[in-house]
Amino acid sequence: AFLRSDPQLAQSMGLSDLPEDDTQALMQTVAVLAQIDNIKRLWGVLKDRCETDKRTATDNERALLQVALSWHNHNWRSLPYGLIEIDTASRYRYETQLRSHYVTKGETVVATHLPGIVDGKGNVLCKALVQTK
């Protein structure tokens with residue numbers, strides 16, 4: 001339903017032609033979003049939206065990223081991938097965090113605009129997008 005209500009995001013993910021049948025649409029969505037390359041692409045699309053609009057990812061955007069990771073993790077049960085959530089008021093760490101383009105300085109995280117992605121071994125695939133002051 002979320003992808004149908006957001007045609008720009010659906011198109012960015014190659015899902016603009018979802019079938020009318022909800023079951024078929026879900027199967028197509030899972031097939032695409034369960035792949036790690038597409039999860040990283042989704043993260044990139046969401047990051048660009050957050051940067052362009054100078055905002056935090058919406059609840060629906062975060063939920064889509066989380067569910068895509070959970071679908072992917074059905075194949076990686078022993079080493080699941082996860083989201084990098086950053087506590088506000090924590091110190092900025094370039095190893096796991098990416099400062100938002102419209103914030104050029106600051107060492108204290110005041111908001112996480114988009115969680116990052118880490119693989120099952122702890123390697124950072126996408127840094128968390130943060131706002132600092």
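Structure first, text after, so check above.
First things first, this report covers the structure right here in the doc. (Residues numbered from 1 in each chain as written. Predicted model: local features only at pLDDT ≥ 70, side-chain atom pairs only at ≥ 80, totals over all residues. Heavy atoms only, no water.)

1. Considering the sheet that holds strand β2 (residues 97-99)
Selection criterion: Pairing between strands is defined by DSSP: at least two bridges between them are needed. Each helix is a run of H or I in the DSSP string that is no shorter than four residues. Each strand is a run of E no shorter than two, and both are numbered from the N terminus. Note on geometry: axes are lines fitted to C-alpha atoms, helical ones only across the stretch in contact, with angles between N-to-C directions running from 0 to 180 degrees. By definition, residues are in contact when any of their heavy atoms lie within 4.5 Å.
An order of β2-β6-β3 is seen for the three strands of this open sheet, with the pairing classed as mixed. Each edge of the open sheet carries a strand with a single partner, namely β2 and β3 (109-114). The sheet shows a mean angle of 40 degrees between the axes of neighbouring strands, taken without regard to direction. Note: β2 against strand β6 (residues 128-132), three bridges, orientation parallel. The residue bridging Arg99 from the neighbouring strand is Val130, located in β6. In the packing of helix α4 (residues 36-53) onto the sheet, contacts are made with β2, β3 and β6, and the angle to β3 comes to roughly 130 degrees.

2. With respect to the environment of Cys50
Spelled out, the test is: Remark: exposure states derive from per-residue accessible area (1.4 Å probe, protein chains only) relative to the maximum for the residue type, with buried under 20%, exposed over 50%, and partly exposed in between.
As for its position among the elements, Cys50 is in helix α4. What makes Cys50 buried here is its relative accessible area of 1%. A sequence separation of twelve residues divides Cys50 from Arg62, and the C-alpha atoms of the two residues are 12 Å apart. With near-sequence residues (within four places) excluded, Cys50 lies in contact with Arg55, Thr56, Ala57, His113 and Leu129.

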